[in-house]
Amino acid sequence: MLAYIIRRILQSVLVMLVVALVSFALFRFVGDPINSMVGQEATIADREALREQLGLNDPFLSQFATFIGRAVQGDFGISYRLQQPVMELILSRLPATLELALVSGLLAFAFGVGFGVYTALKRNGWLSNTIMTVSLIGVSLPTFLIGVLLIWVFAVELQWLPSFGRGDTVELGSWTTGLLTASGRASLVLPAITLGLYQMTLIMRLVRAEMLEVLRTDYIKFARARGLSNRAVHFGHALKNTMVPVITITGLQLGSIIAFAIITETVFQWPGVGALFINSVRFVDVPVMAAYLMLIALVFVIINLIVDLLYYVVDPRLRVDRAATRH
Amino acid sequence: MTEPLLSVRNLRVEFPTRRGILTAIDDVSFDIMPGEVLGVVGESGAGKSLTGAAIIGLLEPPGRIAGGEILLKGQRIDNLDAEAMRKIRGKRIGMVFQDPLTSLNPLYTVAQQLIETIRTHADISEAEARTRAVALLDRVGIPAAARRIDDYPHHFSGGMRQRVVIALALCAEPELVIADEPTTALDVSVQSQIIDLIKEICAERGAAVMLITHDMGVIAETADRVAVLYAGRLAEIGPVREVITAAEHPYTAGLMGSIPTLTQDNARLVQIPGAMPRLNAIPQGCAFNPRCERAFDRCFKDRPDPIDRGDGRKVACWLYDAAVAAGKEKVNV
Amino acid sequence: MNRLARMWDSDIAWSFRHSPVAIVATVVALIIIMGAVLAPWIAPYNPFDSASLNLMDGFTPPGVPNQFTGNSYLMGTDNQGRDIFSTILYGARISLFVGFAAVVFSMVLGIGLGLLAGWRGGWVDSLLMRIADVQLSFPSILIALLIFGVARGFIPPSMREEVAIWVLIVSIGLSDWVQYARVVRGAAMVEKSKEYVQAARVIGVHPTRIVLRHILPNVMGPVLVIATIGLALAIIAEATLSFLGVGVPPTQPSLGTLIRIGQQYLFSGEWWIILFPSIALLLLALSVNLLGDWLRDALNPRLR
């Protein structure tokens, strides 16, 4: 098992290096950093001096090495647009995004699994068909449209919930949370639903498909032939076997939630890293783009690693070493 | 005369499809006595597995029991509600399936699956259930049962897995065990061991066995009586010895002739020409008439009901209806 | 005529005629597509012509004559005086153009790379599949955004508006080629090992001919399904990017841009700016998606 972990970690490091390379290429070659940093009046001599100072004339590899060295320490330079250290910007806005992602992820998972199991067990009821139809619409609606329509109905017409921002937040050390205030929680509702709806429909369809497959297997038939109760068969056996692939795929989705947050944050003016990224694309603020790219890659790689390990824990068939020592 | 343990009377199983209703089992009747081994034999598609599924109440929709009765110790079980049927499964009727690899849930240990089943049908503690489980595992021939009971199914070889399956099917002490092709998926070297195990362990517990298979050899060695199914209908039923050595139904005779034996003189094995008809193309009259060398005019018009030949033997063939046979005109096929 | 009759009788056609969902979806999609294609002829106004816009016409509710100019509009006007109905038609035009072009781009790229990977095998295959795997694990919107951002960095601001549509097509197209590649690669590998292909190679038939004549026809079915669903995804992607402000230029608004404008005026009550474009987008995406779903089920051999 140890060998497996080490191998996976090495793979992850490799992926990160590749992403770093892409990031660095972005950083270095897209647009002209010098132009973005100095005003129009700077002389050519000044620019050359700045070039030299920033090490932009050094060989590629050494620049790359410096880049990596700085990146590992969290130094991504200064945002062209906001004139602040990129890392600071990202860190200050990360809690907003993470909170949103986690809440919507949990909602998506809970409802997705719930609806998925229900529509698998009660295949032909009217409620099942309704849920399936709504899910189809959910997949066809772009996220931003869901957000805008939710705002219209609940914030403008019904005036039940706020239409933008995070509400009041509380600082806990370096983290700011909106969960501890009423307005914070209220502000979380619509964005979380917007962000989570697409994920929920995906999870729901996945759970339903998997469960239907599992219910057709021989071991379920045998379990029934042994007189096990419906609850034991459906939830003890079928559900457990369904969850194994579901958990892995859901875990992988978590990463994409963070990326989809870009849209939701724009719709709701949520002060997270997604909104930061969009603005950086609009204004070609390369340091922020590069840093965001590395950050997302890191998140994906870590999540993939955790999911792989989780798979190992949950599915006994993968624990090969133990079997090899038997008969 | 002892009461039969299981009584299947005029069973009819149908499958409604888009193109009409298919009758997969058509008016089949037989009894199983307590403790006996009844072999149910026939080609693929003859309806053997469906009969087993119908008895234990696990017919897959859209298949359904459309007629007849199934009685367990005199009580009807084909019309019970879901919960009542569930209590019968495992406790009074057990079932062993063909493929041990897919019959066991890969995510649970053998211990968990055994204990769960035992405690579903008996109100005992987990420790007590575990003791019983270990003893049972030992009885079915798993070495070092106390240790291996905590292994997962994929840690066992094919034959061992089927032993676990047998243990699971028997752990609630059923009176009837339906074994649906229990050795087909196993290595030849292991097949006879498993068949012997089933026979012994059921005899010990006084449980009857309905042994479903297409392998006449297994039937010859293991069963007390045998029922031959053809195209969803009962062709012949009787004590094994007699049916094998003196088959009466032309189909059964054909089956016997096609088994290679060491003492047979024939240069070639006898083969029944043609193939069993599909469910939606069963001929009028006797289902076997297209392939039967001895068919005559009546065979093409009316379907023969099983005719009592005495000593528990029945044949569904016009040849044995005295009145009919007297006036028959042979029709060459 | 005989060929048409045979097509009408085929399995797919039967399945289509008996599926109300497929028929309705196709009709709706066709209406919108027709409207978009014929926009320059049937739209009452040309919303892309900035010179013809009159700010005083702005914020006119649907059907009500404008208090300043007296003009009335079927679906009202937006903040710049653009007729919403016309803008929907022209906007759908852009959305569909970008969508189709992006799908064609993905298809060509994906099929090309897939054939290369499947046919050549070896390290070419491994490399391409690695890249595909990595790209698949990132959401396509992110990739599209990234490519867009990079392209922007390379293009001087003066040219940005003109090439915006092409950059959009390329970025959406690049983000979605993987599925085509996978399907085609699989088919290529299967066919490659078949005897008739090996025989052809021995005779000296050029690989391109083998590929085109034997492999491509086999994959057309699944590729069509992927393309249909891909079209819906591309339309949604374009709408999203336009909504985010990084899609079509502001002088050529698409449905996404209209919704973006509409959101700004939600609270002040100009509901028509957002409602009609939303419905149009929803109908378009939904109908294409339903078609793709139906096509997939119809072509799935297991379900027959």
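Residues numbered from 1 in each chain as written. Chains lettered and ligands numbered in written order. Predicted model: local features only at pLDDT ≥ 70, side-chain atom pairs only at ≥ 80, totals over all residues.

(A) Representation of the overall build of chain C in the model. Counting its regular elements, chain C contains 13 helices and 0 strands. Secondary structure of chain C in N-to-C order comes out as α-α-α-α-α-α-α-α-α-α-α-α-α. The contacts in chain C between residues at least 6 apart in sequence include a share of 70% that link residues at least 24 apart. (Helix = DSSP H or I, 4+ residues; strand = E, 2+ residues; numbered from the N terminus. Contact = placed C-beta atoms within 7 Å.)

(B) How the structure looks around the overall build of chain A. Looking only at helices and strands, chain A has 13 helices and 2 strands in total. By the burial criterion, 40% of the 327 residues in chain A qualify as buried. Summarising the internal contacts of chain A: among those between residues at least 6 apart in sequence, 70% fall at separations of at least 24. (Buried ≥ 20, exposed ≤ 12 C-beta atoms within 10 Å, placed from the backbone.)

(C) Spotlight on the packing of helix α3 (residues 20–37) of chain C against helix α13 (residues 272–299) of chain C. Residue and element names in this part refer to chain C. Between α3 and α13, whose axes approach to 8 Å, the crossing angle comes to 135°. Here α13 runs oblique to α3, going by the angle between their axes. As α3 packs across α13, the resulting crossing turns out to be left-handed. Only A280, L283, L284, S287, V288, L290, L291 and W294 of α13 make contact with α3, whose side of the interface consists of V21, A22, A25, T26, V28, A29 and I32. (Axes fitted to C-alpha atoms, helices over the stretch in contact; angles between N-to-C directions. Parallel < 35°, antiparallel > 145°, perpendicular 65-115°, else oblique. Left-handed = near helix turned anticlockwise from the far one by under 90°.)

(D) Representation of helix α10 (residues 230–268) of chain A in the model. When the terminal C-alpha atoms of α10(A) are compared, their 45 Å separation across 39 residues is substantially less than the 57 Å that a helix rising 1.5 Å per residue should span. One or two steps after α10(A), the chain reaches A:Q269, where phi turns positive at roughly 50°. (Expected span 1.5 Å × (residues − 1).)

(E) Focus on the sheet that holds strand β3 (residues 37–41) of chain B. Residues and elements named next belong to chain B. The strand order across the open sheet formed by 8 strands is β6-β7-β8-β3-β9-β10-β12-β11, and the pairing between neighbours is mixed. Because the sheet does not close on itself, it has two edges, and the strands there are β6 (93–96) and β11 (307–310). Here the average twist between neighbouring strands, direction ignored, is 20°. In this structure, β6 lies alongside strand β7 (residues 176–180), joined through 4 bridges in parallel fashion. Within β7, the residue paired with V96 across the bridge is A179. Here helix α7 (residues 158–170) sits on the sheet and contacts β6 and β7; the angle it forms with β6, its principal contact strand, is near 165°. (Pairing = 2+ DSSP bridges.)

(F) Highlighting the interface of chain C and chain A. Opposite the 33 residues of chain C that make contact, chain A presents 31 residues. Where the side of chain C that touches chain A is concerned, the elements lending two or more residues are α6 (122–137), α7 (140–154), α11 (207–244), α12 (255–264) and α13 of chain C. The element contributing the most residues to the side of chain C that touches chain A is α7(C), with 10 residues. For the side of chain C that touches chain A, a count of residues per class yields 24 nonpolar, 8 polar and 1 charged. (Nonpolar A, V, L, I, M, F, W, Y, C, P; charged D, E, K, R; others polar.)

(G) Here's a closer look at the environment of A:I302. All names here are of chain A. Tracing the chain through its elements places I302 in helix α12 (residues 286–314). A count of 13 C-beta atoms within 10 Å places I302 in the partly exposed class. Residues I302 and I9, 293 residues apart in the sequence, show an inter-C-alpha distance of 9.2 Å.

(H) Inspection of the interface of chain A and chain B at higher detail. In this assembly, 20 residues from chain A lie in contact with 25 residues from chain B. Contributions of two or more residues to the side of chain A that touches chain B are made by α9 (218–225) and α10 of chain A. In terms of residue count, the dominant contributor to the side of chain A that touches chain B is α9(A) (6 residues).

(I) Structural view of the packing of helix α7 (residues 143–157) of chain A against α10(A). Residues and elements named next belong to chain A. Running from N to C, α7 and α10 cross one another at 30°; their axes reach a closest spacing of 9 Å. In terms of axis orientation, α7 runs roughly parallel to α10. Like other packed secondary-structure pairs, α7 and α10 cross with a definite hand, here right-handed. The segment α7 lies against α10, with T143, F144, G147 and V148 engaging F260, I263, T264, V267 and F268. Here the contact of α7 with α10 is composed, by residue class, of 6 nonpolar, 3 polar and no charged.

(J) Region of interest: the confidence of the model for chain C. Residues and elements named next belong to chain C. Scored by pLDDT, chain C comes out at a mean of 79, with 88% of its residues at no less than 70. In the model of chain C, helix α1 (residues 2–9) stands out as the element of lowest mean pLDDT, 58, in contrast to helix α5 (residues 84–120), which has the highest, 87. Overall fold confidence (pTM) sits at 0.77, and the ipTM for the predicted complex is 0.84. (pLDDT = per-residue confidence, 0-100.)

(K) Spotlight on the sheet that holds strand β2 (residues 20–32) of chain B. Residue and element names in this part refer to chain B. In space, the 4 strands of this open sheet follow the order β2-β1-β4-β5, with antiparallel pairing throughout. With partners counted over all chains shown, the strands left at the sheet margins are β2 and β5 (75–76), one partner each. Across 7 bridges, strand β1 (residues 6–17) lies against strand β4 (residues 64–72) in antiparallel orientation. Paired with R9 across the strands is E69, a residue of β4. Lying over the sheet, helix α1 (residues 48–56) contacts β1, β2 and β4, oriented at roughly 75° with respect to β2.

(L) Quick look at the confidence of the model for chain A. Put simply, chain A has an average pLDDT of 79, and 89% of its residues get 70 or more. Per-element averaging of pLDDT across chain A places helix α13 (residues 320–324) of chain A at the bottom with 43 and α9(A) at the top with 90.

(M) Main features of the pairing of β11(B). Residues and elements named next belong to chain B. As defined by bridge partners, β11 adjoins strand β12 (residues 313–315) across 3 bridges and the pair is classed as antiparallel. Within β12, the position partnered with I307 by the bridge is V315. Between the antiparallel neighbours β11 and β12 lie 2 residues, among them D311 with a positive phi of about 60°.

(N) Layout of the environment of A:A108. Residue and element names in this part refer to chain A. Structurally, the position occupied by A108 is in helix α5 (residues 86–121). Each C-alpha atom, one on A108 and one on V214, is 22 Å from the other, the two residues being 106 residues apart in sequence. With residues near it in sequence (within four places) discarded, A108 still touches G196, Q199, M200 and I203.

(O) Structural detail: unusual backbone geometry. All names here are of chain B. Of the consecutive residues P61 and P62, the connecting peptide bond is found in the cis state with omega at 10°. Here P62 shows up in the loop between α1 and β4. With phi around 50°, A144 is a residue other than glycine that occupies positive phi space. Its place among the elements puts A144 in the loop between α5 (126–139) and α6 (145–148). Look at A144 and you get exposed, because 10 C-beta atoms sit within 10 Å. Even without glycine at this site, E173 takes up a positive phi of about 60°.

(P) Main features of the pairing of β4(B). Residues and elements named next belong to chain B. Of the pairings in the sheet, the one linking β4 to β5 comprises 2 bridges and is antiparallel in character. Note on β5: the bridge partner recorded for L71 is R76. Here β4 folds back onto β5 in antiparallel fashion, the turn holding 2 residues, of which K73 has a positive phi close to 55°.

(Q) The arrangement of the environment of A:A232 in detail. The residue A:A232 is located in helix α10 in this model. Among the residues examined, A:A232 registers 17 C-beta atoms within 10 Å and is labelled partly exposed. Along the primary structure A:A232 and A:L197 are separated by 35 residues, whereas in three dimensions their C-alpha atoms are 30 Å apart. Setting aside residues up to four positions removed in sequence, A:A232 forms contacts with A:H237 and B:E116.

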